[in-house]
Amino acid sequence: MNFELSEEHKMIRDAAREFAQELKAGVIQRDEEAQFPTDFVKQMAELGFMGIMTPEAYGGAGMDTLAYVLVLEEIAKIDASAAVIVSAHNSLVLYGLNAYGTEEQKQKYLVPLAKGEKLGAFALSEPEAGSDASSQHTIAEEKGDHYLLNGTKNWITNGGHADIYLVIAQTHPEKGHKGINVLIVEKGLPGFTIGPKENKLGIRSSDTHSLLFSDVKVPKENRIGEDGFGFKFAMKTLDGGRIGIAAQALGIAAGAYNLALAYAKERKTFGKPISEHQAIQFKLADMEVDIETARLLTYKAAWTKDQGLPYGKEAAMAKLHASEVAMKHTVEAVQVHGGYGYVKEYHVERLMRDAKITQIYEGTSEIQRLVIAREILR
């Protein structure tokens, strides 16, 4: 085993780390006002982050999953909202288009998305279809050379700012999950309405919206894969997406730890830095162990995917552990800061709020345990 990063990986990590320092400017204001970081998204596109795993032939950076994970970790240390914009765009949209799209679909949609000229969103969740992804009530009715799309999608990351949406919908209800399709839907089509932005606990500068479809006419050539491939597409896509969320959670936890460690060395009580008190030392030690464990699981999941091996269990394990570590240790980081931890100026309360969603989206912790159990009992 070789745990040393390659020079290329170190370079991409350092580039992301340097860029993340720029994200600090206005991060508290963006959180308070739920401002989408438009200018920073453009910068991330220029750095190649918005198409990092897409082949160069289609406008991407042509790098691997580990490079992607390193970028997300560094960005999430400072701004988890920016990280999830990158994650949803790459894992849930570009991956699926590259893996399963036709050449025509790649040229028309993947290329501008990978270059960061356009932003993507993935529309799976519905009011009654979250953890039960097979229970799709959005209908794509076949009408000769097109589909007629009707229904509502909830909790869509990048929902308001995206240009291209991959929408999961039921075409053949009698076939259950085998009758589901995935359609490429462009913003601005007649009948396609974007609902109000959700007022969220955390990741507030990432925009989350409902999408409403009323007799939206989608060309048949915008279907990805064979008829009925949609559910399999969603499951395959979510496996990779979970690695991205694991990296986001890892970054949140590591960012909170870095702040707690620095504060513990500066803050004095009873005449000495609080880092010299055993109670604080034990907190920091537990943080270090858990975060490094999450990092190893996340990097291994990325490596497994890059080797072309089955990685569903590894992705679920990384996402489960990293998200729970993020929640646990952002709370502890607030505790280390004492009263200052409750104040926005010190950042840890924001990281604590950001951490919670990593236990919920792209499969709740309960779903991850179910995935892992099924794999080990198979």
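None of these values were measured; they are calculated from a predicted model. (Residues numbered from 1 in each chain as written. Predicted model: local features only at pLDDT ≥ 70, side-chain atom pairs only at ≥ 80, totals over all residues. Heavy atoms only, no water.)

Caption draft 1: Fine view of the pattern of salt bridges. Applying the stated rule across the entire model yields 20 salt bridges. Between Glu 73 and Arg 295 there is a salt bridge, with its nearest N and O atoms 2.8 Å apart. Note that Glu 73 is positioned in helix H4 (residues 65–78) and Arg 295 in helix H8 (residues 278–306), a separation of 222 residues in sequence. The exposure classification of Glu 73 matches that of Arg 295, with both residues buried. A salt bridge links Asp 239 to Arg 242; the nearest nitrogen and oxygen atoms lie 3.6 Å apart. A residue pair is termed a helical-turn pair when its members lie 3 or 4 positions apart in one helix, as Asp 239 and Arg 242 do in helix H7 (residues 230–266) at three residues. According to the relative accessible area criterion, Arg 242 is buried, its value standing at 7%. (Salt bridge = Lys/Arg side-chain N within 4 Å of Asp/Glu carboxyl O. Helix = DSSP H or I, 4+ residues; strand = E, 2+ residues; numbered from the N terminus. Buried < 20%, exposed > 50% of the residue type's maximum accessible area, 1.4 Å probe, protein only.)

Caption draft 2: Expanded view of the UniProt feature "domain: Acyl-CoA dehydrogenase/oxidase C-terminal" (unreviewed entry) in the protein. Under the UniProt annotation, "domain: Acyl-CoA dehydrogenase/oxidase C-terminal" (unreviewed entry) lies at residues 230–377. Counting secondary structure, residues 230–377 comes out at 77% helix and 3% strand; the distance between its end C-alpha atoms is 26 Å. (UniProt positions renumbered as here; feature names shortened; annotations may be inferred.)

Caption draft 3: Expanded view of the domain arrangement of the protein. As far as domains go, the protein holds domain 1 (7–119), domain 2 (121–230) and domain 3 (236–377). For domain 2 versus domain 3, the distance between C-alpha centres works out to 31 Å. Each side of the interface is counted separately: domain 2 has seven residues, and domain 3 has ten residues. Contact with domain 3 buries surface across domain 2, with Ser 131, Leu 201 and Ile 203 losing the most and accounting together for 65% of the total. Here domain 2 is connected to domain 3 by two residue pairs in polar contact (both at pLDDT 80 or more). A class-by-class count of the residues in the side of domain 2 that touches domain 3 yields four nonpolar, two polar and one charged. (Domains from an automatic or database assignment. Contact = heavy atoms within 4.5 Å. Buried area = accessible area lost by both parts, 1.4 Å probe. Polar contact = N/O pair within 3.5 Å; in protein donor to acceptor, adjacent residues only side chain to side chain. Nonpolar A, V, L, I, M, F, W, Y, C, P; charged D, E, K, R; others polar.)

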